[in-house]
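Listed below, chain by chain, are the residues.
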Amino acid sequence: MEASVERVSVVRTRRPVPSIVATSAVLAVAAMLGVPGFASSGNVTNIGLQVSILLIIAMPMTLVILSEGLDLSVGALLSLCAVVFAQTLGLGWGMALALGASVAVGMLTGLFNGALIAKLGLPPFVVTLGTLGIAHGIALVLTDGNAVVVGNPSVAQLYAWTILGIPFPVIFALLAYALTHLLLYHTRFGTYVFAIGGNRDALLLAGIKAKAFHIAIYVFGGLMVGLAALVLVGRMNSAEPASAIGMEFDAIAAVVLGGTSFERGEGWLFGTVMGVVTIGVLRNALNLLGIESSLQVVSVGILVLLVVVIDSVRKSRVNGAKA
Amino acid sequence: MSILNNSRFVWSRVSQLDVRHHVGEETATLIYRAVLIVLIALVLAFATAAFSAAPNLLNVLRQASLMFLLASGLTLVILSGGFDLSIAANLTLSACLAAGVMKTGGSPILAAATALSCSTLIGLLNGLAVTLLRLPPFLATYGMLWVVQGLAFHYMGGNEIYGFPTAFRTLGTGFLGGIPLPVYMMVFVLIGATIVTGGLNFGREIYAIGANSEVARLSGIPVRRRKIAVYTISGLMSGIAALVYLARVNAADSAMGEPLLLPVIAAILIGGTSLFGGAGSLLGTLSGCVILALVIDGMNLLNLNANWQPLVIGSVLLIAVLADVLGRGRKERIG
């Protein structure tokens, strides 16, 4: 009885083409036709620069959501890491060492989140809401609420550096994608990420240290956030204690747009990349049309809602056909 | 009444520290909260002279009432096994709209109606997203948080609206018999909500859904409709809190609600309501609101730099979640 139910659901998971493919295509064509200046090469580079940070933090967010978790602390943590990076640079540390400090802060916070979530079984969204407050508070205390201006010119130079015409932040983000792809699809860690979301009990029964892998997901998230601070500080040449707050909204939206489900460990890393690009295209087009960022947030929300509704209708149709 | 009897019974046996052996779990939780409130108040009274002044104590009570208005709806949502992250953003947008109506010459009644319809609509949309689209509650309401916040930013355009009619301001600043009006509202909501959750079928069904929604569905409870109802109530309460808050501070801006989100969640958890649904009470939430109001008041009186407040509140929130889960674990071990 139980087994036959399982089999049905396995058949169901042979999914049709995710909606994100059509959505991003429609959006890109509409922007090319309807928004003057959108299709220029300068603007395409611009979109790449704009989405680079989002891509870096959306990668671990995919793994977190695959494991039926959520990380609301990403934006606040990224702001904190940027502050730490800028302040240690200000102390005369080299760029590598300062980035190390930023990564250490990120990974420690990830470890803290992961331990509370995996070891103690606390609900991820509340834990990371708490760390959001703590990270934001530490950033405020460290800076006394002011921006930290970076004196060292090498960070801005690195940000502006291009290889074969491709800006460094874009290459950095693509490397982050490649690393995450490798981890998710070609290592035991990746297999366990899917399993933690899909069937954690079976994993525990099979004797795998599921909790350690579960914690590792959040530590990996902290690592990526720590690295993203380099791009953020390079862009602004300064760090503000609240500069990236709310960025986790775009990251979560990108993952959901990309078709990763909060249940059963279903997901697609490249879908997240497409989700990130879709959000980047949408925000850029709205920018060019002179629509302010507060309404862009609303538009991203509506886009996600639209895709979720379409997916849910399609899913119920597939299920209806099966029944 | 029974609380009083039980507590006398308990204090006669102070040597046996675990109150739970003698009274129900619920009562024991409330006694612990009451003791905690007294302890914090004593510490603050010794630490700063300003704490014990009557205006300050009334201010704490007013702050607690405001938080409770916001927290009561969220408590119902959490009892039903859901969550609502959009309450503070909802408060912001509703208050800004009410402020806008009054600024353009609309009467306070029209402003209140606008705020309440806006907030209730947001709650209804949350309920529909959670039930019809089957989105996880924290995801749906998190998305709603940013959409609503974005609308508030857009509506205000970075400006502030201030200066409202005296009649409206009475709602937040008025007194009746020496006690602030919001306190009466709090008591009214507390009594109403306690009757609903404790005595009416609706309340029992909410607990049942939170404990196990599948079992609730199989026993004939209209789970979807009840869930939509609790999210809608949560929206409505955000609107009521928005009006009281607006009347009190006499100014609206697009960031006014945001600092309330973490304290309100912390207050509910400290009040003993479980994040996993099905356990908790409105009276517990009230005790949590008083504790958080005391903590915030204490930070202000001790001249703790405002930059420290997110850090303190975030830590309090985590400690509250930790206590919830560890306490539950112990209960399960005890059997």
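Anything mentioned here points back to the structure above.
Residues numbered from 1 in each chain as written. Chains lettered and ligands numbered in written order. Predicted model: local features only at pLDDT ≥ 70, side-chain atom pairs only at ≥ 80, totals over all residues.

What is the right way to read the nonpolar core from this model?
Side chains of nonpolar character tend, in soluble globular proteins, to be buried together. If you look at the biggest cluster of nonpolar residues, it comprises 218 residues, and the most contacted ones within it are I57, L78 and F85 of chain A together with M67, L70 and A98 of chain B. The greatest single-element share of this core, amounting to 16 residues, is contributed by helix α10 (residues 210–236) of chain A. (Core = buried A, V, L, I, M, F, W, Y, C linked by C-beta atoms within 7 Å. Buried ≥ 20, exposed ≤ 12 C-beta atoms within 10 Å, placed from the backbone. Helix = DSSP H or I, 4+ residues; strand = E, 2+ residues; numbered from the N terminus.)

Please clarify how unusual backbone geometry should be interpreted in this entry.
Residues other than glycine predominantly adopt negative phi, and peptide bonds predominantly adopt the trans conformation. Residue and element names in this part refer to chain A. The phi dihedral of D144 falls on the positive side, at around 60°, and the residue is not glycine. You can call D144 exposed: it has 9 C-beta atoms within 10 Å. Non-glycine residue L164 carries a positive phi angle of around 50°. If you trace the backbone, L164 turns up in the loop between β2 (162–163) and β3 (166–167). Looking at L164, the number of C-beta atoms within 10 Å reads 5, which means it is exposed.

Would you mind showing me how to read the packing of helix α9 (residues 188–205) of chain A against α10 of chain A here?
When two helices pack together, their arrangement is given by the angle between their axes and by how far apart the axes lie. All names here are of chain A. Two numbers describe how α9 lies on α10: the axes approach to 10 Å, and their chain directions differ by 135°. With respect to each other, α9 and α10 are oriented oblique. Of the two possible hands of crossing, α9 and α10 adopt the one that is left-handed. Along the contact surface, α9 presents F189, Y192, V193, I196, R200, L203 and L204, while α10 presents A210, F213, H214, A216 and I217. Along the lines of polarity and charge, the residues of the contact of α9 with α10 split into 10 nonpolar, one polar and one charged. (Axes fitted to C-alpha atoms, helices over the stretch in contact; angles between N-to-C directions. Parallel < 35°, antiparallel > 145°, perpendicular 65-115°, else oblique. Left-handed = near helix turned anticlockwise from the far one by under 90°. Contact = placed C-beta atoms within 7 Å. Nonpolar A, V, L, I, M, F, W, Y, C, P; charged D, E, K, R; others polar.)

Any chance you could explain the interface of chain A and chain B here in plain terms?
Often the size quoted for an interface is simply the accessible area lost on bringing the parts together. Residue-level contacts link 34 residues of chain A with 28 residues of chain B. Elements represented by at least two residues in the side of chain A that touches chain B include exactly α6 (124–143) and α13 (293–322) of chain A. Looking at the side of chain A that touches chain B, the element that brings in the most residues is α6 of chain A, giving 14 residues. Here the residues of the side of chain A that touches chain B are counted per class, giving 21 nonpolar, 11 polar and two charged.

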